[in-house]
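Structural features, examined
One-letter residues, chain by chain:
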Amino acid sequence: TDGSRPTLKSKKYDGTAIAISDTTAVRAMCVKDDYLASDVTTRSYLYGMEKYELPLLLITGKYDDLLGGNGIYKNYKNRRQEAAINLTLVDEGQMAFSVDCGVKIHGNSSRERPKKSFQIRFRSKYGASTFTYPLFEHAGVDTFHSLILRSGAQDDNHSLFRDEFFTNLTRETMPEVLCQQYKPVNLFLNGQYYGVYFIRERADAAFAAAYLGGNEDDIDMVNG
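Rules used throughout
Residues numbered from 1 in each chain as written. Predicted model: local features only at pLDDT ≥ 70, side-chain atom pairs only at ≥ 80, totals over all residues. Heavy atoms only, no water. Helix = DSSP H or I, 4+ residues; strand = E, 2+ residues; numbered from the N terminus. Rg over C-alpha atoms; globule rule 2.2 N^0.38 Å. Buried < 20%, exposed > 50% of the residue type's maximum accessible area, 1.4 Å probe, protein only. Contact = heavy atoms within 4.5 Å. Areas by Shrake-Rupley, 256 points an atom, 1.4 Å probe, with all protein chains shown as cover. Lys, Arg positive; Asp, Glu negative; His and termini not counted. Charge placed at Lys NZ, Arg CZ, Asp CG, Glu CD. pLDDT = per-residue confidence, 0-100. Patch = residues over 30% accessible without salt bridge, like charges linked within 9 Å, V, L, I, M, F, W, Y side chains within 5 Å. Salt bridge = Lys/Arg side-chain N within 4 Å of Asp/Glu carboxyl O.

**Structural notes on the overall build of the chain**
For the chain, the helix and strand inventory stands at three helices and 11 strands. When the elements of the chain are put in sequence order from the N terminus, they spell out β-β-β-α-β-β-β-β-β-β-α-β-β-α. Over its C-alpha trace the chain gives a radius of gyration of 19 Å, about what one expects of a compact globule, namely 17 Å for 224 residues. Here the chain holds 224 residues, and 39% of them are scored as buried. For the chain, the share of sequence-separated contacts (at least 6 apart) that also reach a separation of at least 24 residues comes to 53%. Entry remark: accessible area of the chain is about 13,700 Å², with carbon and sulfur atoms responsible for 48%. Computed over 27 positive and 29 negative side-chain charges, the inter-centroid distance for the chain is 7 Å.

**Remarks on the confidence of the model for the chain**
Atom-level detail of predicted coordinates should not be read off regions where pLDDT is low. The pLDDT averaged across the chain works out to 90; a share of 99% of its residues lies at or above 70. Mean pLDDT per element in the chain: helix α2 (residues 162-173) is the minimum at 83, and strand β6 (residues 117-121) is the maximum at 97.

**What to know about a negative patch on the surface**
Taken together, Glu216, Asp217, Asp218 and Asp220 make up a surface patch of like negative charges. On the secondary structure map, Asp217 appears in the segment after α3 (205-212). Using a relative accessible area of 66% as the deciding quantity, one classes Asp217 as exposed.

**Some words on the side chain of Gln181**
Looking at the secondary structure, you find Gln181 in the loop between α2 and β10 (182-189). Not counting residues up to four positions away in its chain, the partners in contact with Gln181 are Phe136, Ala139, Arg171, Ile199, Arg200, Glu201 and Tyr211.

Below is the structure:
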């Protein structure tokens, strides 16, 4: 119940009820002698929460790895530091998906701001190297190697969503221009509310290949 991924050294469940008095994620795995251990299952219990109009995106992980003194949020200058998490989307009161993956801080100058963006990475060491789910309506692409959780911090003295708004206008008026899809959500880290974020596609070679065809190894991305 501390958000960390269970291992063979974790506390064994003895069958008694687990008392929940706050928003909590319960993570479990099954172990039996002479058998392979099961996958880790994560279920989030939202306790006493107000009604939100936007979907809820829940990041659950070991506190020290996420928000502790050496966690990714406080150690934001380390671009390589990544934490193992579970990512769960709750949409219209139902769990849409629950997937184990990695997370790290995303961005350049926005790393210095209080509300930081995140990069979600799907790797085989967490579960699967890709994630398949129809996140974006009418996008035509539903398999991802990575995603961005954009905070809007670059626009924090204005509307917080101008980039997403104008990107959407571009998509409608210039369909030949490839641009990132987005989905607004309410983000929670280990039960703490972090505000409205935007799930965005990550603009990399895999993103371009998914929409334009071909092999991502044959695509050169120029960042600038």
